[in-house]
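A structural walkthrough
Okay, here's what each chain looks like letter by letter:
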Amino acid sequence: MNTQQNTRESHILTMTREFDAPCELVFDAFTDPDQLAAWFGPVGVDSPRDRIVVEPRVGGAWQLVMVWEEAGVAKEGPIDAVISVYDPPSLLVATQRAEPDAGPTVRTEMRLEFEDLGGRTRLHLTQGPFGSAEFVDMTREGWGTSFTKLDKVLA
């Protein structure tokens, strides 16, 4: 018998990834618009610098627009978040609308915890809740390819 509940609360993404760079540099990659433009978004998706706003403080904006082309049609994926916890270089938390069609009251949280490994960094990412397990999987894949791009920026 399957007793797993299929609720929004059960659709939370958790990931851990290590980077070959100090915490300060990895943290800055999430708060510096120039760096975000260089790596944020899955492979095939860009985040133009002129569409990124980061105000690194509690209550500040963490906004960007991902752009891509699908079957010859230009697509956009905006992220409009507000920083709720800002503790460099160890913790960044931002709250955003979950999904474009989710409605104005549905919000999701992105929590980034940066762990110092003596010149390397372990990033713990928690994000959600999302509307479905499929959206969690799609988001996990997107972060995975974004992190591959981030590895190159940090090198």
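Since the structure is predicted, the reported quantities are computational estimates derived from the model, not experimental observations.

Brief notes about the overall build of the protein chain
Looking only at helices and strands, the protein chain has three helices and seven strands in total. Mapped from its N terminus to its C terminus, the protein chain presents α and β elements in the order β-α-α-β-β-β-β-β-β-α. For the protein chain, the residues scored as buried account for 37% of the 155 residues in total. Expressed as a percentage of contacts within the protein chain between residues at least 6 apart in sequence, the contacts between residues at least 24 apart total 48%. In the structure as shown, the protein chain presents an accessible area of about 8500 Å², 50% of it carried by carbon and sulfur atoms.

Thoughts on the nonpolar core
Formed by 34 residues in total, the largest nonpolar core has its most connected members in Phe30, Trp39, Phe40, Trp62, Phe114, Trp143 and Phe147. When neighbours within four sequence positions are excluded, Trp143 is seen to be in contact with Leu13, Met15, Phe30, Trp39, Phe40, Met110, Leu125 and Gln127.

Comments concerning the side chain of Thr108
Relative to the helices and strands, Thr108 resides in strand E6 (residues 107-116). Engagement of the side chain of Thr108 in a polar contact is seen with the backbone oxygen of Gly128, the distance being 2.8 Å.

Observations concerning unusual backbone geometry
Residue Pro89 is bonded to the preceding Pro88 through a cis peptide linkage, with omega at -5°. With respect to the element layout, Pro89 can be found in the loop between strand E4 (73-87) and strand E5 (91-97). Here the residue pair Gly128 and Pro129 is connected by a cis peptide bond, since its omega of 0° sits within 30 degrees of zero. When you line up the elements, Pro129 lands in the loop between strand E7 (121-128) and helix H3 (133-154). Located in the positive-phi region is Ala71, a residue other than glycine, with phi close to 55°. Looking at where Ala71 falls in the secondary structure, it is placed in the loop between strand E3 (61-70) and E4. When its relative accessible area of 80% is taken as the criterion, Ala71 is described as exposed.

Focus: the packing of aromatic side chains
The description of an aromatic ring pair rests on the distance of the ring centres and on the angle between the ring planes. What the rule picks out here adds up to twelve aromatic pairs. Aromatic pair Phe30 and Trp143: ring centres 6.3 Å apart, planes at 35°, arrangement tilted. In this pair, Phe30 is assigned in helix H1 (residues 23-31) and Trp143 in helix H3, connecting sequence segments 113 residues apart. Pairing Trp39 with Phe147 gives two aromatic rings, centres 6.4 Å apart and planes at 35°, and the pair type is tilted. Of this pair, Trp39 sits in helix H2 (residues 33-39) while Phe147 is found in helix H3, placing the two residues 108 residues apart along the sequence. Taken individually, Trp39 and Phe147 each receive the classification buried, so the pair is uniform in this respect. Through successive ring pairs, a cluster of aromatic residues spans Phe19, Phe27, Phe30, Trp39, Phe40, Trp62, Tyr86, Phe114, Trp143 and Phe147.

Criteria and thresholds
- Residues numbered from 1 in each chain as written.
- Predicted model: local features only at pLDDT ≥ 70, side-chain atom pairs only at ≥ 80, totals over all residues.
- Heavy atoms only, no water.
- Helix = DSSP H or I, 4+ residues; strand = E, 2+ residues; numbered from the N terminus.
- Buried < 20%, exposed > 50% of the residue type's maximum accessible area, 1.4 Å probe, protein only.
- Contact = heavy atoms within 4.5 Å.
- Areas by Shrake-Rupley, 256 points an atom, 1.4 Å probe, with all protein chains shown as cover.
- Core = buried A, V, L, I, M, F, W, Y, C linked by side-chain atoms within 4.5 Å.
- Polar contact = N/O pair within 3.5 Å; in protein donor to acceptor, adjacent residues only side chain to side chain.
- Phe/Tyr/Trp six-rings, centres within 6.5 Å; stacked < 30°, edge-to-face > 60°.

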